Amino acid sequence: MTGIPAIVMAATFGALVGSFLNVCIYRLPLGTSIVWPGSACPHCGRALAWFENIPIVSYLALRGRCRSCGATISPRYPAIEALTAAMFALGWWYYGPGVLLASRLVLGCALIVLFEIDREHQLLPHAITLPGILVGFLFSFFTEPGWQSSLLGILIGGGTLLAVGYTYYWLRHEEGLGMGDFKMLAMIGAFLGWPLTLVTLMMASFVGSIVGVFLIAANRGGMKSALPFGTFLAVGALAAATVGPSVLQWYLSSW
Ligand SMILES: [Zn+2]
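Computed from a prediction, not measured in an experiment: that's the story for all the values here.

(A) Quick look at the overall build of the protein. A tally of regular secondary structure across the protein gives 10 helices and zero strands. In terms of C-alpha radius of gyration, the protein reaches 19 Å, essentially the compact-globule figure of 18 Å for 255 residues. Oriented by its inertia axes, the alpha-carbon framework of the protein measures out at about 60 × 50 × 35 Å. Of all 255 residues assigned to the protein, the portion counted as buried reaches 41%. Long-range contacts, defined here as pairs at least 24 residues apart, represent 68% of the contacts in the protein between residues at least 6 apart. Within the protein, one finds 12 positive and 9 negative side-chain charges whose respective centroids are separated by 8 Å.

(B) Structural context of unusual backbone geometry. In this model, Trp36 is joined to Pro37 through a cis peptide bond whose omega is -5°. Residue Glu144 is joined to Pro145 through a cis peptide bond whose omega torsion reads 0°. Tracing the chain through its elements places Pro145 in the loop between α5 (126-139) and α6 (147-172). Phi is positive for Ile56, close to 60°, though the residue is something other than glycine. Of note, Ile56 is situated in the loop between α1 (3-27) and α2 (57-61). Phi is positive for Arg63, which is not a glycine, with a value near 50°.

(C) Structural view of the coordination of the zinc ion. All of the protein donors around the zinc ion are Cys41 (SG), Cys44 (SG), Cys66 (SG) and Cys69 (SG); their distances to the metal are 2.3 to 2.4 Å. For the zinc ion, the four donor atoms in the first shell make angles of 105 to 115° at the metal, so the coordination geometry reads as tetrahedral. Donor residues binding the zinc ion come from one chain and are separated in sequence as C-x2-C-x21-C-x2-C. Of this pair, Cys41 sits in the loop between α1 and α2 while Cys69 sits in the loop between α2 and α3 (76-95); the two residues are 28 residues apart in sequence, bridging distant segments of the chain. Taking relative accessible area as the criterion, Cys41 reaches 8% and is therefore assigned buried.

(D) Summary view of a nonpolar patch on the surface. A cluster of nonpolar residues, Val99, Leu134, Leu138, Phe141, Phe142, Trp147, Leu151, Leu152, Leu155, Trp194 and Leu198, forms a patch on the protein surface that exposes about 1,100 Å² of accessible area. Elements supplying a minimum of two residues to the nonpolar patch: α5, α6 and α8 (194-217). The dominant element in the nonpolar patch, judged by the number of residues it contributes, is α6, at four residues. Residue position: Val99 is located in helix α4 (residues 99-121). In this structure Val99 comes out as partly exposed when scored by relative accessible area, which is 39%.

What counts, and at which threshold
Residues numbered from 1 in each chain as written. Predicted model: local features only at pLDDT ≥ 70, side-chain atom pairs only at ≥ 80, totals over all residues. Heavy atoms only, no water. Helix = DSSP H or I, 4+ residues; strand = E, 2+ residues; numbered from the N terminus. Rg over C-alpha atoms; globule rule 2.2 N^0.38 Å. Buried < 20%, exposed > 50% of the residue type's maximum accessible area, 1.4 Å probe, protein only. Contact = heavy atoms within 4.5 Å. Lys, Arg positive; Asp, Glu negative; His and termini not counted. Charge placed at Lys NZ, Arg CZ, Asp CG, Glu CD. Donors = N, O, S within 2.8 Å, 3.2 Å for Na, K, Ca; no water. Tetrahedral: all angles 85-135°; square planar, octahedral: opposite > 155°, others 65-115°. Patch = residues over 30% accessible without salt bridge, like charges linked within 9 Å, V, L, I, M, F, W, Y side chains within 5 Å. Areas by Shrake-Rupley, 256 points an atom, 1.4 Å probe, with all protein chains shown as cover. Salt bridge = Lys/Arg side-chain N within 4 Å of Asp/Glu carboxyl O.

Structure representation (C-alpha cells):
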C-alpha cells in the first residue's frame, strides 16, 4: 500500500501504540504490570469499556471527563496518542517501509515514554533503557548504523555521561547530571551509532543551556529546578535522527 491510505493506516496504528505508551507512562513509575489489568479510571477505579479506550476520539467524546465520577482525564492521554500517530505517519513518509523505519519507531516510542516519565517524575526506568540498548544493538545488524558504530555508540554515549556524573559527584558530593542519564544515551547510541550520539549530546546540551538561561533570566530558579536532562536527550535524539546527518556533513565540510 502506498500514498495517502498507507499514511492514514500508519497514523491509526500509531494512535493505538500511543495508547499503550500512555499505559507505560502511568504504570512504570508505580511499578505495576503494563499488561494486566485493563485500563481503569485512576480516580474511581472503574474499568473502562472498549468505547472509552479509543485513542483521541474517546477523550473528545467524553469531553475529558470520566463517565462515572466526572474526574478530569489528563490531556496527556490524547496528546501522547496524537504525537505517536504523527510520528508513525511522518516516519512512514520519511523512511518508507523497512527495517530502518521499524528501528526508528521503536526508538521514538522509547523516547516518548522516557521524556514524559522524566518530566513528571525525574526518573528514567531501567525497564526501558536496558532492553532498549539490547534491541538497538540487535537492529544494527540489519540496518543503519551497523553493529560496530552501534557498539561504539553504546560505549561512547554511556561512557561520556557516566564520566560527567562521576566528576560531578566527586566535586559536589551529590548526585547530579548524568547519573541516571548515561543508560539513556547508551540506548540512543545503540540505535543511532556513535557519530549521531555525539550530535544528540551536543543538541541536548545546547537546548538545555538555552532553557536553563531562560529560566534563570525569568527568575524561576537555577539549573536544579530546570527540566531534567533526559527530556533534552529525547529532543536531541529526535533532532539527530532527522537532521543529524546534514549537520554532521556541514560540520565536517567546514573544516
Ligand atoms: Zn472515574
